[in-house]
Amino acid sequence: MTNPAVEVRGLTKDYGPRRVLDVDRFTVEAGSISAVVGPNGSGKTTLLGILATLEPPTSGEVLLWGEPVGRSRTADRRLRRRVVMVHERPWMFHTTVLGNVEYGLASRGVGRREARRRAAEALERVGLAHAAEWFAPALSAGEARRTALARALAVEPDLALLDEPLADVDAQHRTGVERIIRELPARGTTVLLTTHRLETAYRLADRCASLIGGSLRNTLPDNHFSGTIAESDGEPVMAIAPGCRLHLATPLRGPAHVVIDPRTVILSREPAHSSARNCFAGRIAALAAEGDRVRVTVDVGVPASPRGVPIVALITDRSFREMNLQLGEPISAVFKTVALEVYGGKPS
Amino acid sequence: MRWTLEQLAEALRLLGSLDRQVLGALALSLGVATLSTVLATAAGVPIGIAVGLGRFRGKRLLTTVLHALLALPTVLIGLVLYTALSSRGLLGGWRLLYTPAAIVVGQFVLALPLVTALALAAAEGVDPRVRLTALTLGAGRWRVARTILAEGRGAFLAAVVAGFGRVFGEVGISMMLGGNIRGYTRTVTTAIALETAKGEVPLGIALGLALMIVALAVNLLFLHLRRRATP
């Protein structure tokens, strides 16, 4: 096993009586890009703030490159200089864009001329060389984010903590920012980013973890869908792909995340006539053994959804053998509305 | 009515002729007020930032005490310092009583709580992201403080202006600690009090007008600085 850049053990964070973070174990391998996926308010920013040593945890231990955080002020300062966090809504200092990018270099005692050269180079990378002399607080949200990225990368950190790095970045610059993030490990920077979009995590990260309600899992939850809960015939539904609608039992409406526990998904050869409100016909796209369980991935997407819509069912080895399931075989995935966990959304 | 107009006309004549007495008092008023404000700023702003950003036991108590000190009457400060500075007092050996330096000391004591309380509020009013951004970019404590000062410069400047305003117009301290000695410790405010009491109303009015004009000019200057500081 390689050396982890970040190691977290038994971490909790309370704000008053409210526990916002409860992470048993979490590691980020050095030289990797990791993503933490979770809805807004799931504790992603708090986690990054703690890893950036900007905020102390309530309990638990954080190790950066094997060195525990919080032992002494000088040690923390040394560690902090290897880490940079880019906030979701970055603060722009009241000076020029170039002045902002030079800030971290000046803090490290880099000479004026060298700082200017490196800052200009970082601005070039994010496509803002032309804006060097602009007044930074007047930038648009997307430009401010790219400036913040340049400001962080100019100091060549060993660990970059990026909070929602692609939010607010317009489509034109999205690929550019993604490329910059992808290139970071080659430049010696480990990346941990957060996102509320599963696809961003899949596209950028080597490893994904999910953070829901403050608790972190080192894998993405299976059957995690994002969408908008709307009403259809007086019943809450969420469209997860063209022609695919989940039936829900929740008073919540609006943008939300839905997670279906794979153990509650039933596989049926016949289109089911049952009390379950959700029944999707599809084909078996993948089979994987997991101990005495079998993970069956059913693609229930219609041809119009090119990426497919995978729904994972976890069944026992025994029922797998009895049903004699085959790859590519047509099958229905069935689950009850009450088996769906809903995150986010607002009470209607 | 006629009397009032006559007094005013005489006052304007005096002011127009730039009476040496008026100019001298004005220069002293400006001098001691500026010096005491500078000293109060040098002490109050760092304390305000440190308390505003710090998390420690007794912070609320300290803030409450600071706000209570804002209501300190100038006469009381004058009295306390008078007893301390008089020749048999605790600091009598400094031989400061009835010197401009005594006025500076008194005005410093007057301005310090105000400047500190407003600087504290200014520091707390700065967006918390300023500190976090500075820290994550590797800034040490001094640089963080400097950055907070720079990002909240408008509010910090307002603290300085308020401090200057408080000391520039006060009478009690200047009177009790300065002694209103002509050509030495006579400030504009003590001169107004004296001349009016003597019946020299036109001179009193002339001094009052001069005080007002200078105060206005200083505030306009600060306003201009503030506008430049907060685009």
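Parameters and conventions
Residues numbered from 1 in each chain as written. Chains lettered and ligands numbered in written order. Predicted model: local features only at pLDDT ≥ 70, side-chain atom pairs only at ≥ 80, totals over all residues. Helix = DSSP H or I, 4+ residues; strand = E, 2+ residues; numbered from the N terminus. Buried ≥ 20, exposed ≤ 12 C-beta atoms within 10 Å, placed from the backbone. Contact = placed C-beta atoms within 7 Å. Pairing = 2+ DSSP bridges. Axes fitted to C-alpha atoms, helices over the stretch in contact; angles between N-to-C directions. Parallel < 35°, antiparallel > 145°, perpendicular 65-115°, else oblique. Left-handed = near helix turned anticlockwise from the far one by under 90°. Nonpolar A, V, L, I, M, F, W, Y, C, P; charged D, E, K, R; others polar. Core = buried A, V, L, I, M, F, W, Y, C linked by C-beta atoms within 7 Å. Domains from an automatic or database assignment.

Student: How would you sum up the overall build of chain B? Please name residues and give values.
Tutor: Counting its secondary structure elements, chain B contains 11 helices and zero strands. When the elements of chain B are put in sequence order from the N terminus, they spell out α-α-α-α-α-α-α-α-α-α-α. A principal-axis box enclosing the C-alpha atoms of chain B has dimensions of 70 × 50 × 25 Å. The proportion of buried residues among the 231 residues of chain B is 40%. At a minimum sequence separation of 6, the contacts of chain B that also span at least 24 residues come to 76%.

Student: Lay out the overall build of chain A in plain terms, naming residues and giving numbers.
Tutor: Looking only at helices and strands, one finds eight helices and 20 strands in chain A. With the C-alpha coordinates of chain A rotated into their principal frame, the extents come out at 75 × 40 × 40 Å. A burial count over chain A gives 38% of its 348 residues as buried. The contacts in chain A between residues at least 6 apart in sequence include a share of 69% that link residues at least 24 apart.

Student: Which residues make up the pairing of strand S19 (residues 330-335) of chain A, and what values go with them?
Tutor: All names here are of chain A. Sheet analysis places strand S15 (residues 266-268) next to S19, joined by three bridges and oriented antiparallel. Across the sheet, residue leucine 267 finds its bridge partner in S19, namely alanine 333. Relative to S19, strand S16 (residues 278-290) runs antiparallel, the two being bridged by six bridges. Looking at the pairing, cysteine 279 lines up with valine 334 of S19.

Student: Residues and numbers for the sheet that holds S16(A), please.
Tutor: Either a parallel or an antiparallel arrangement is found when strands of a sheet pair, and the pairing is made through backbone hydrogen bonds. Residues and elements named next belong to chain A. Pairing is antiparallel across the open sheet formed by five strands, whose spatial order is S15-S19-S16-S17-S18. In this open sheet, the two strands that pair with only one neighbour each are S15 and strand S18 (310-316). Going across the sheet, the axis of each strand differs from the next one's by a mean of 45°, ignoring polarity.

Student: Please give an account of the packing of helix H2 (residues 20-53) of chain B against helix H8 (residues 153-168) of chain B that cites residues and values.
Tutor: Residue and element names in this part refer to chain B. One can describe the packing of H2 onto H8 by two numbers: an axis separation of 9 Å at closest approach and a directional angle of 140°. It follows that H2 is oblique to H8 by the angle criterion. Crossing angle aside, the handedness with which H2 passes H8 is right-handed. Along its contact with H2, which presents Ser29, Ala33, Ser36, Thr37, Ala40, Thr41 and Val45, the element H8 presents Phe156, Ala159, Val160, Gly163, Phe164, Val167 and Phe168. Class assignment of the residues belonging to the contact of H2 with H8 gives a composition of nine nonpolar, five polar and no charged.

Student: Describe the nonpolar core, naming the residues involved and giving the relevant values.
Tutor: Of all hydrophobic cores here, the largest spans 129 residues; its most connected members are Leu161(A), Val115(B), Ala119(B) and Leu207(B). Top element by residues in this core is helix H5 (residues 100-125) of chain B. It accounts for 17 residues. Beyond its immediate sequence surroundings of up to four residues, Ala119(B) is in contact with Gly44(B), Val45(B), Gly48(B), Ile49(B), Phe156(B) and Ala159(B). Ile240(A), Val258(A), Val265(A) and Ile331(A) belong to the second largest nonpolar core, which has 22 residues in total.

Student: How would you summarise the interface of chain B and chain A if you had to cite specific residues and measurements?
Tutor: On the chain A side, the residues contacting the 15 residues of chain B number 18 residues. Of all the secondary structure elements, the ones that give two or more residues to the side of chain B that touches chain A are helix H6 (128-136) and helix H7 (141-151) of chain B. Tallied by class, residues from the side of chain B that touches chain A come to seven nonpolar, four polar and four charged.

Student: I'd like a rundown of the domain arrangement of chain A, residues and numbers included.
Tutor: All names here are of chain A. Taken domain by domain, chain A consists of domain 1 (4-217) and domain 2 (224-347). In this structure, domain 1 and domain 2 have C-alpha centres spaced 35 Å apart. Counting residues at the interface gives six residues for domain 1, matched by five residues for domain 2.

Student: Give me unusual backbone geometry: which residues, what numbers.
Tutor: Positive phi, close to 50°, is recorded for Glu164(A), a residue that is not glycine. Looking at the secondary structure, you find Glu164(A) in the loop between strand S7 (159-163) and helix H6 (171-183). Classification of Glu164(A) as buried rests on a count of 22 C-beta atoms within 10 Å. Phi at Arg95(B) takes a positive value of approximately 55°, unusual for a residue other than glycine. Looking at the element boundaries, Arg95(B) is found in the loop between helix H4 (74-85) and H5.

Student: Requested: an account of the environment of Glu124(A), with residues and values cited.
Tutor: Note that Glu124(A) resides in helix H4 (residues 112-125). Sequence-wise, Glu124(A) and Leu193(A) are 69 residues apart; in three dimensions their C-alpha atoms are separated by 22 Å.

Student: Any chance you could break down the environment of Val83(A) for me, citing the residues and the numbers?
Tutor: Residue and element names in this part refer to chain A. Within the secondary structure, valine 83 sits in strand S6 (residues 83-86). As a C-alpha pair, valine 83 and alanine 52 span 31 residues in sequence and 6.1 Å in three-dimensional space. When sequence neighbours within four positions are dropped, the list of residues in contact with valine 83 reads Ala52, Thr53, Leu64, Pro157, Leu159 and Leu161.

Student: Describe the environment of Ser348(A), naming the residues involved and giving the relevant values.
Tutor: Residue and element names in this part refer to chain A. The topology assignment puts serine 348 in the segment after strand S20 (340-347). For the pair formed by serine 348 and histidine 87, sequence separation is 261 residues and the distance between their alpha carbons is 31 Å. With residues up to four places along the chain from it excluded, the contact list for serine 348 reads Pro251 and Arg253.

Student: Requested: an account of the pairing of S16(A), with residues and values cited.
Tutor: All names here are of chain A. Two strands pair when backbone bridges link them, and S16 and strand S17 (residues 293-299) are joined in this way by seven bridges, in the antiparallel orientation. When the bridges of S17 are listed, alanine 288 appears paired with arginine 295. In sequence, S16 turns back onto S17 through a hairpin of two residues, with glycine 291 there showing a positive phi of about 65°.

Student: With reference to specific residues and values, describe the packing of helix H10 (residues 188-198) of chain B against helix H11 (residues 201-229) of chain B.
Tutor: All names here are of chain B. Relative to each other, H10 and H11 sit at 160°, their axes nearing to 8 Å. The pairing of H10 with H11 is recorded here as roughly antiparallel in orientation. As H10 packs across H11, the resulting crossing turns out to be left-handed. Judged by residue contacts, Val188, Thr189, Ala191, Ile192, Glu195 and Thr196 of H10 engage Val201, Leu203, Gly204, Leu207, Gly208, Ala210 and Leu211 from H11. Here the contact of H10 with H11 is built from residues that sort into eight nonpolar, four polar and one charged.

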